[in-house]
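Overview (structure and organization)
As a plain string of letters, each chain reads:
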Amino acid sequence: MLETLRTDVLIIGSGGAGLFAALHAKKANPNLDITIAVKGLLGKSGCTRMVQGGYNVALAKEDSIERHFMDTIVGGKWLPNQDLAWKLVNGAVKTIHELENEYGCYFDRNPDGTLHQKAFAGQSFDRTVHKGDLTGIEIINRLSEQVWNLELNKLEEHRAVAFIPAKDESGLSGVLLINMRGGDFRFVQAKTVLLGAGGGPTMYRYHTPSGDKACDGIAMGLRAGLTLRDMEMVQFHPTGILAGNETRMTGTILEEGLRGSGGYLLNGARERFMTNYDPAGERATRDIVSRAMYEEVRSGRGTPNGGIYIRMAHLGPEKVAKQFKGMVKRCADCGFDLAGGDVEVLPTAHYMMGGIEFGPDCATAMPGLYVAGEDSGGVHGANRLGGNGVANSTVFGGVAGESMAKAIEDGADWREPDAAILEREVGRCLKPFGTRPGDLNGIRERLVDLMWDKAGIVRDKTLLKECISELDDLGEQLATTGLADPTRAFNLTWHDWLNLESQILVSKTIARAALAREDSRGAHFRSDFPETGKLKTTRYTTIDMDEKGGLKTGSKPVKFTIVKPGESLIEDEAGAPPSVAPPPQAAE
């Protein structure tokens, strides 16, 4: 029997977006009944907790909101929704003070007591607030403390699997969940729902997100009829540890502040090379650095293990050990000396710039459903600046909480669910139990290699068409692959199957959007279309699912509501950080 719960506000996810939404909704209306459902444990899972670098915000008198905005637009290659980007940079100022003064986050400070802001790549001003190199832990710990003190319903280890529309098609009725502890289904009927589950491109061989991420929220939105945008824009962080294929540590991040503070990238001959690709050297945007590293390795100039070296020792081992304590320890766990030696790194899949279309109030096209964080698309365009990610989650999480409270105040009510769709979605999730067991790990290994090789850092028409065909085959193979264990309580193999279902579906959208965009823009690089198209006629890609489950690509024009290509809100050029790198040379 399907258990049904009722709540005013249902929040999917407990990262920066989800926790901020809960706090802001409760502040707006203390009488709201709020439920948080999280795939893992509240405050202990997800990607915000893993943030190392920091939080971009214009605080210094020499900086400005306009400069932060221009960095975001230029860094995003003029693809961002400008109204969303403007909301981000404005909201970040209020939110950083809220994090510090109201919720107790303890960020690093200068000797004069002001917040310390460090250098991050791709920005024209050093504006990244941080707590050492473990900023995410500080933010999530403080937010979790606040949330645990509120009267909220907490559904831990509950996996969201489907949005259930109203029977009268008036909007969203609620969300179907799996209680992972018992294996039973729960339907949570809610007046408003926030999707803040986080993205996470874990369909690539090397990736940074936590292992529980599978782009479930994006897949759910697509199945529910929502439009996705910018799905070809998958960010590869340049410096993931290369510790061997036998360990999951390979692909985990060494934070951007290492390059921002003056770290060197060296090829296999111990030569610096970044200024051969961009005047900003190691401080160029992530897409440029990742492609430069890829080209060095592809041209035979990589390390013995197929990577690139990062060197920090020239800055002083004691200084590095103090300033980047977490990174030094992470490297030491893998047998590397970051403070005094060279560490092998490689680009690693890090962040989804694409996601569900939404508005400045976080509302989607489905009444009752809101989205914030990495499940959403449009804020970052073709490239996310380091430090804009956690700002995105918290700023728009707060906005979503206030919007949901306002919607309920204005009369939003429970909607009767479509029972047929609810039954169908339960059946979809149970399908592998009635299917002959097979090799799920083999499917996953084929998926991660496929996406890395054919829809990764460098793409072309032939590879993408092969990728799409092979993804269709993988989807069919998964559909005929079942589970050996019939029990549902904590059946992790079942959840591996569900992960693969989401990953394969989202991978199909990535490959199709990449094939549709016949130019190179930010994180998306086509070797057969290496030039960027005309900025003034910029369009963003869209993906929709039809009633039969087919995917349809399209595009829409970018609306330059605040600034047009060729114009700027500041006098000098934003998005072009001052070069800190001397000409390439062999490092001693």
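Residues numbered from 1 in each chain as written. Predicted model: local features only at pLDDT ≥ 70, side-chain atom pairs only at ≥ 80, totals over all residues. Heavy atoms only, no water.

Next up on the list: the packing of aromatic side chains. Overall, the coordinates contain ten aromatic pairs when judged by the stated rule. Considering the side-chain rings of Phe-20 and Tyr-103, the 5.8 Å spacing of their centres and the 90° angle between planes classify their relative orientation as edge-to-face. One end of the pair, Phe-20, is in helix H1 (residues 16–28); the other, Tyr-103, is in the loop between helix H3 (82–102) and strand E4 (117–118), with 83 residues separating them in the sequence. The interplanar angle of 75° and the centroid separation of 5.8 Å between the aromatic rings of Phe-236 and Trp-452 together place this pair among those described as edge-to-face. With Phe-236 in strand E11 (residues 234–241) and Trp-452 in helix H12 (residues 440–454), this residue pair connects regions lying 216 residues apart in the sequence. Among the aromatic residues, those joined into a ring-pair cluster are Tyr-204, Tyr-206, Phe-236 and Trp-452. Cation over ring: Lys-191 sits above Trp-414, and NZ or CZ is 4.5 Å from the ring centre. The side chain of Arg-384 reaches across the aromatic face of Tyr-351, ending 4.1 Å from its centre. (Phe/Tyr/Trp six-rings, centres within 6.5 Å; stacked < 30°, edge-to-face > 60°. Helix = DSSP H or I, 4+ residues; strand = E, 2+ residues; numbered from the N terminus. Lys NZ or Arg CZ within 6 Å of the ring centre and 35° of its normal.)

Core analysis: the largest hydrophobic core is formed by 119 residues, its most contacted members being Ile-12 and Tyr-55. Looking at this core element by element, the count peaks at eleven residues for helix H14 (residues 492–516). Beyond its immediate sequence surroundings of up to four residues, Ile-12 is in contact with Ala-37, Ala-160, Val-175, Leu-177, Val-193, Leu-194, Leu-195, Gly-196 and Ala-197. Counting 25 residues, the second largest nonpolar core, distinct from the first, contains Ile-241, Met-293, Met-327 and Val-345. (Core = buried A, V, L, I, M, F, W, Y, C linked by side-chain atoms within 4.5 Å. Buried < 20%, exposed > 50% of the residue type's maximum accessible area, 1.4 Å probe, protein only. Contact = heavy atoms within 4.5 Å.)

This part is about the sheet that holds strand E12 (residues 264–266). Across the sheet, four strands lie side by side as E11-E14-E13-E12; this open sheet has antiparallel pairing. The open sheet is flanked by E11 and E12, the only strands paired with a single partner. Averaged over all pairs of adjacent strands, the angle between their axes in this sheet comes to 40°, without regard to strand direction. Its contacts with the sheet put helix H7 (residues 286–298) on E11, E12, strand E13 (308–311) and strand E14 (342–352), and the angle it makes with E11 is roughly 60°. (Pairing = 2+ DSSP bridges. Axes fitted to C-alpha atoms, helices over the stretch in contact; angles between N-to-C directions.)

These results come straight from atomic positions and should not be treated as a statement about function.
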